[in-house]
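Report on the structure
Residues per chain, in single letters:
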Amino acid sequence: MPPNFFEQPILNSPYTVPTRHHALDDDGQPLNVPPVDGRRQSKLITPVPKARKKQKKSEQASFVLSDPLGLSTEDQEYNPTPIINEIRSYVAIWRAIPNPNDWGVTAATQRLLTHWRTHQFDSIRPFFCQIEAVETVIWLTEVARKQRRYSKFQEHLRGANEQANPELFRVAMKMATGSGKTTVMAMLIAWQTINAVRMPGSDLYSRGFLIVTPGITIKDRLRVLMPNDPDSYYASRELVPTDMLSDLGRAKIVITNYHAFKHRETLEISKTGRSLLQGREAPPQTIENDGQMLARVCNDLMGFKGVVVLNDEAHHCYREKPVSDEEIGTDEREEAKKNSEAARLWIAGLEALKRKLGITALYDLSATPFFLRGSGYREGTLFPWTVSDFSLMDAIECGIVKLPRIPVADNAPNAETPIYRNLWDHIGKKMPKAGRAKGGKGDPLGLPNELYTALYALYGHYEKTYDEWSRAGIEVPPVFIVVCNNTSTSELVYEWISGFERDGADEQNRFMDGHLKLFRNYDEHGARLARPNTLLIDSEQVDSGEALDAAFRATVGPEIEQFRREKMQRDGAGAGAQPISDEDLLREVMNTVGRKGRLGETVRCVVSVSMLTEGWDTNTVTHILGVRAFGTQLLCEQVVGRGLRRQSYALNDQEMFDVEYADIMGIPFDFAAQPVVAKPKPPKPTTQVKAMKERAALEITFPRVEGYRVALPDERVEAVFSDDSRLVLTPEKVGPCRVLLEGIVGEGVELTTAVLEAVRPSEISYHLAKHLLYNQFRDPGEPPKMHLFGQIKRAAKRWIDEGYLVCLGGTTPAMVTYRELADQASELIFLACQTQVPGTAAVKAILDPYTPRGSTRFINFNTSKPLYTTDPAKCHVNYAVLDSDWEAEFARAAEAHPQVLSYVKNQGMQFEVPYRNATQQRRYWPDYIVRIDDGGEDPLNLVVEIKGYRNTDAQLKAETMRKLWVPGVNNLGGAGRWAFAEFIDVFEIESAFRKLIAAYTGAPEAV
């Protein structure tokens, strides 16, 4: 890779036609060549680097009928990029015409185009991409419409809309996030309004506008499109010549969110009252009709014969395909349902508007004008009525947006791709499944280790960015975003980051300070800060315009009241005369994050429910962590887009912007523009595994253990540590501790967990001792045995000092304070202390009260797994189900040994061993039970485990078997004699088994 490739990601000025671009291969990855002269063609690419670390490439099924990209079907034509590129070339030729009189446009349009292209702006100057988007619409409306040679473009748009929007004629502009769609809307409004005022008889223009947004957040932001707004773009950004502002003032503009199209009740009436009104007649009509709905939504426009509609974030608006072969997985079904309901409501409202008032023009603006999941079309298919495209890659090369850096490598050895590139794949099954209302108060300390490490790693880099901004004199802090999947997850992450209190909790858990210092909402004394550093936002609730959910209001109540007090202080004593609602207050805070002198200026971290996918235009976002599933690249680009708005628009000496970066983890942003259809897999053949009646003499019975009763020490605690007391911390267990983030161009950065290295060993041993005292050395319902704390702390200190805590791959000892790892460490130390409990009867197994005994005679199931055909003289069951070749080797060794009376593979027989890993009570299924003739009065029952790789979970299983299950069952009496053995070397299984039996029988080892 040439050095200048990464040193110079920005190649073009944002104010002129792009003249160079970075060469990319067919997968959108950079080639080893210098920048290429000329403008990049419109193509479906996503500007992110491939993972350097990828052990294997997953195969994707192809689906090719009529087009090379495999996106078209018999019912769905697709490939708008040639049309986009052809229109772009004609617009470029038209733009180059020197004489304005030859442009073929109206005098008002001619004046506006000249102003946008040549005016010396005192404030923010329109970007080239903004002017080009408007030029494309103007050319299609005023130039191409008049000339037959361009008629194919109108026919293309008409055909594209006929398939997906039969009642509407839509024109879409694709503009990268951060490239300024609001400015484009202002320019379109100015062009339409001034022409409509000066040519009142034309049916091409209107001065009535309906702007539809996906949420109130965007609706609030778009107030700058109102000509009389104090911050109106037309005057403040000089988008309209001064002498034309009076004409612009005649525009009627209504801004609404699509939720307003929902027909509402016109009469609030109870069920009983409805029945009384109905009587024996038809039920009373209490739902709005289309006319009533439109009068409520856009009453100011009801006198117009045609209005212009601007769809902001228009990918939410489409008519569903009636018949669809779209395959939707279970996990995505709910999301697809929401998408479909929103799209149906939005487009139905526009169709009603068309029938009642008429639509002069309908313009879609979106960074991602693609069909969503659930639309019936291939997910990720570009709207075929798209006429202009300024992609994210174009925006990066012009410096208009920040360059996204994502993980390309880490130090986790066994992951196929960097773990933090798609964090959810590694933690999703461990995360809360229910929403807050169902899940109740969870435990912020019980989240997956990989999530904690990801937060520490990204936060460590945030600290450096925060210090750099402070030294540079930037008066607002950089912003760190965490995007979560549901309310339960967001609340737990929020509390872990900022700190939390629990009413009625014991001393250990009543208050917990935030783990990320700059994001804490409490001071060192546990008092809430006057200005919260971290904000929890439910994006869907805030955007819907409805009242906040009671549970969410209860969670963020203290923050709301703090912001309310601050607003009253800022606005003065009279502000209380018109109280602001909770949802409006939160929306104002969210919309002013990163703005000096506003409510949200001090917010450093935002934890979001839902996705903050659109409308949140804070330009101080520098770090984003995704803690949710991202089913499509569309969602990835939308969320990443929240961090791409530039902080500074100052030009450098080359008249270009300096590069800015956004560091992103947990969002699998990758090249996947072409949707694919997966081929169905044929079912695997199955075999019946069952106990054979003729082998009944080989039946094995076993106790079904539900738990253990352990006598805790009253006065003395000592631990005898062994190899199985060792806890090894690796990146595989806690998440990568070093991760390299890179953009497709530009400088990379390595993130580490160095912030944890400052924790002292004494703090770690104290934390472990406290954890042991409250969770292990404590009878249920009883207070902790405080007099044992000194002894427990010495045991914990010995465990650390004697090397039983092993840190590899950049991990640090402080990571053992993660709740899951602290639980594992405590369990290992506690089990080591069980050796010192006097008397072998101190542990007793608790049997299942309903089924205390199990037997091999009940085995009967079907499986498609590999099988080993058992010896009829050694096994009650016809097959041993194999999870590995090692298990087959042990079955052969068991059958070959003369002291083995019978054996069975533990599959489908409900032989389970309860054990605890961290706070979770788990079940463990050993591999085999072997009955051995060791010379005793009854056979010895040997529980066998075959392990090739021993992690902490395997250690806890083995320690539980040795310290609890085996002595507990043997102490019961009547359950037989039991022992446990573990084999870890496949090549020595047979010899190790012979040695073990020789030790039990006292006989010399057989050869």
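Residues numbered from 1 in each chain as written. Predicted model: local features only at pLDDT ≥ 70, side-chain atom pairs only at ≥ 80, totals over all residues. Heavy atoms only, no water.

1. Describing the overall build of the protein chain
Looking only at helices and strands, the protein chain features 28 helices and 34 strands. By the burial criterion, 56% of the 1007 residues in the protein chain qualify as buried. Within the protein chain, contacts between residues at least 6 apart in sequence are counted, and of these 76% link residues at least 24 apart. (Helix = DSSP H or I, 4+ residues; strand = E, 2+ residues; numbered from the N terminus. Buried < 20%, exposed > 50% of the residue type's maximum accessible area, 1.4 Å probe, protein only. Contact = heavy atoms within 4.5 Å.)

2. Observations concerning helix α17 (residues 487–498)
Over its 12 residues, α17 runs 16 Å from end to end, which matches the ideal 16 Å to within 8%, given 1.5 Å per residue. Counting buried positions along α17 yields 12 of 12 residues, so the element is predominantly enclosed. Among all positions in α17, only T487, S488, T489, S490, E491, L492, V493, Y494, E495, W496, I497 and S498 are buried. The opening residue of α17, the one whose side-chain oxygen lies 3.1 Å from the backbone nitrogen of S488, is N486. (Expected span 1.5 Å × (residues − 1). Polar contact = N/O pair within 3.5 Å; in protein donor to acceptor, adjacent residues only side chain to side chain.)

3. Observations regarding the pairing of strand β3 (residues 170–175)
Counting buried positions along β3 gives six out of six residues, so the element sits mostly inside the fold. Of the two faces of β3, the one carrying R170, A172 and K174 and the one carrying V171, M173 and M175 are both buried. In terms of strand pairing, β3 meets strand β7 (residues 359–366) through five bridges, oriented parallel. Each residue of the ladder has a partner; that of R170, found in β7, is L362. The pairing of β3 with strand β8 (residues 386–390) spans four bridges and is parallel. Bridge pairing links K174 to D389 in β8. (Pairing = 2+ DSSP bridges.)

4. Brief notes about the sheet that holds strand β9 (residues 403–410)
Strand order across the open sheet formed by eight strands is β13-β14-β10-β15-β16-β9-β21-β22, with mixed pairing between neighbours. Whereas interior strands pair on both sides, the edge strands pair on one side only; in this sheet they are β13 (534–538) and β22 (749–752). Taken pair by pair, the neighbouring strands of this sheet meet at an average axis angle of 25°, ignoring direction. Direction of pairing for strand β21 (residues 738–742) relative to β22: antiparallel, over a ladder of four bridges. Of the residues in β22, the one forming a bridge with L741 is V749. (Axes fitted to C-alpha atoms, helices over the stretch in contact; angles between N-to-C directions.)

5. Section: the packing of helix α26 (residues 885–896) against helix α28 (residues 989–1001)
It is at 9 Å that the axes of α26 and α28 come closest, and there the two elements cross at 45°. The angle between α26 and α28 places the two elements in the oblique class. Of the two possible hands of crossing, α26 and α28 adopt the one that is right-handed. Contacts between α26 and α28 involve W886, E889, F890, R892, A893, A894 and A896 from the first element and I989, E990 and F993 from the second. Here the residues of the contact of α26 with α28 sort into seven nonpolar, no polar and three charged. (Parallel < 35°, antiparallel > 145°, perpendicular 65-115°, else oblique. Left-handed = near helix turned anticlockwise from the far one by under 90°. Nonpolar A, V, L, I, M, F, W, Y, C, P; charged D, E, K, R; others polar.)

6. Looking at the pattern of salt bridges
A full pass over the atoms with the stated rule returns 46 salt bridges. E706 serves as the salt-bridge partner of R923, at 3.2 Å between the closest nitrogen and oxygen. With a gap of 217 residues between them, R923 in strand β31 (residues 920–924) and E706 in strand β19 (residues 705–710) connect regions that are remote in the sequence. (Salt bridge = Lys/Arg side-chain N within 4 Å of Asp/Glu carboxyl O.)

7. Some points on the packing of aromatic side chains
All told, the structure shown has 40 aromatic pairs when counted by the stated rule. Taking the centre distance of 5.2 Å and the plane angle of 75° together, the rings of Y459 and F519 count as edge-to-face. Remark: F519 occurs in the loop between β12 (511–513) and β13 and Y459 occurs in helix α16 (residues 449–471); sequence separation between them is 60 residues. Judged on exposure class, the residue Y459 and its partner F519 are both buried. Three or more aromatic residues joined by ring pairs make a cluster, and in this case those are Y459, Y462, Y466, F480 and F519. Lying over the aromatic face of W103, R117 brings its terminal NZ or CZ to 4.7 Å of the ring centre. (Phe/Tyr/Trp six-rings, centres within 6.5 Å; stacked < 30°, edge-to-face > 60°. Lys NZ or Arg CZ within 6 Å of the ring centre and 35° of its normal.)

8. Let's talk about the packing of α16 against α17
The interhelical angle for the contact between α16 and α17, taken along N-to-C directions, is 50°, at an axis separation of 12 Å. Judged by the inter-axis angle, α16 sits oblique to α17. For the crossing formed where α16 meets α17, the hand is right-handed. Where α16 approaches α17, its residues L451, Y452, L455 and Y456 are matched on the opposing element by V493, W496 and I497.

9. Regarding the environment of L239
The residue L239 is located in the loop between α8 (233–236) and α9 (245–248) in this model. Counting along the chain gives 127 residues from L239 to L112, while the straight-line C-alpha distance between them is 8.4 Å.

10. Details of the sheet that holds strand β29 (residues 900–905)
The mixed open sheet is built from four strands, whose spatial order is β29-β32-β33-β34. The open sheet is flanked by β29 and β34 (977–983), the only strands paired with a single partner. Ignoring strand direction, the axes of neighbouring strands in this sheet form an average angle of 20°. The pairing of strand β33 (residues 940–946) with β34 spans seven bridges and is parallel. Paired with L940 across the strands is R977, a residue of β34. In the packing of α28 onto the sheet, the strands contacted are β29, β32 (928–932), β33 and β34, and the crossing angle to β34 comes to about 150°.

11. Regarding the nonpolar core
Ranked by internal contacts, the top residues of the largest apolar core, which has 131 residues, are L451, I497, W799, F890, Y928, V930 and W965. Per-element accounting of this core gives the leading share, 10 residues, to α16. What W799 contacts, discounting residues up to four positions off in sequence, is F721, S725, L727, L768, Y804, L805, V816, A825 and I829. Among the nonpolar cores identified, the runner-up in size contains 108 residues, and Y15, A133, A186 and I400 belong to it. (Core = buried A, V, L, I, M, F, W, Y, C linked by side-chain atoms within 4.5 Å.)

12. A few points about the environment of W116
Relative to the elements of secondary structure, W116 occurs in helix α3 (residues 107–118). On the basis of relative accessibility, which here comes to 2%, the residue W116 falls in the buried class. Taking the C-alpha atoms as reference points, W116 and F127, separated by 11 residues in sequence, lie 9.6 Å from one another. The residues touching W116, leaving out its near neighbours within four places in the chain, are F121, I131, V134, I138, M187, W191 and L239. Within the structure, W116 has its side chain in polar contact with the backbone oxygen of L239 (distance 2.7 Å).

13. Digging into the confidence of the model for the protein chain
Chain-level statistics for the protein chain give a pLDDT mean of 82 and a share of 82% at 70 or above. Within the protein chain, no element has a lower average pLDDT than helix α15 (residues 436–439), which sits at 44, and none a higher one than helix α4 (residues 128–143), at 97. This stretch, residues 1–5, has a pLDDT under 50; its non-local contacts, to residues over four places away or in other chains, come to 12 contacts. Contacts for the low-pLDDT stretch residues 671–681, under 50 throughout, to residues beyond four places or in other chains number 26 contacts. (pLDDT = per-residue confidence, 0-100.)

14. A few points about unusual backbone geometry
The phi dihedral of E655 falls on the positive side, at around 60°, and the residue is not glycine. Residue position: E655 is located in the loop between α21 (633–640) and β16 (661–665). Look at Q910: it is not a glycine, yet its phi comes out positive at around 60°. Following the sequence through the fold, Q910 ends up in the loop between β29 and β30 (913–917).

15. Some words on the side chain of H461
Within the secondary structure, H461 sits in helix α16. For H461, a relative accessible area of 13% puts it in the buried group. Leaving out residues up to four positions away in the same chain, H461 has contacts with R405, H623, D663, V749 and L751.

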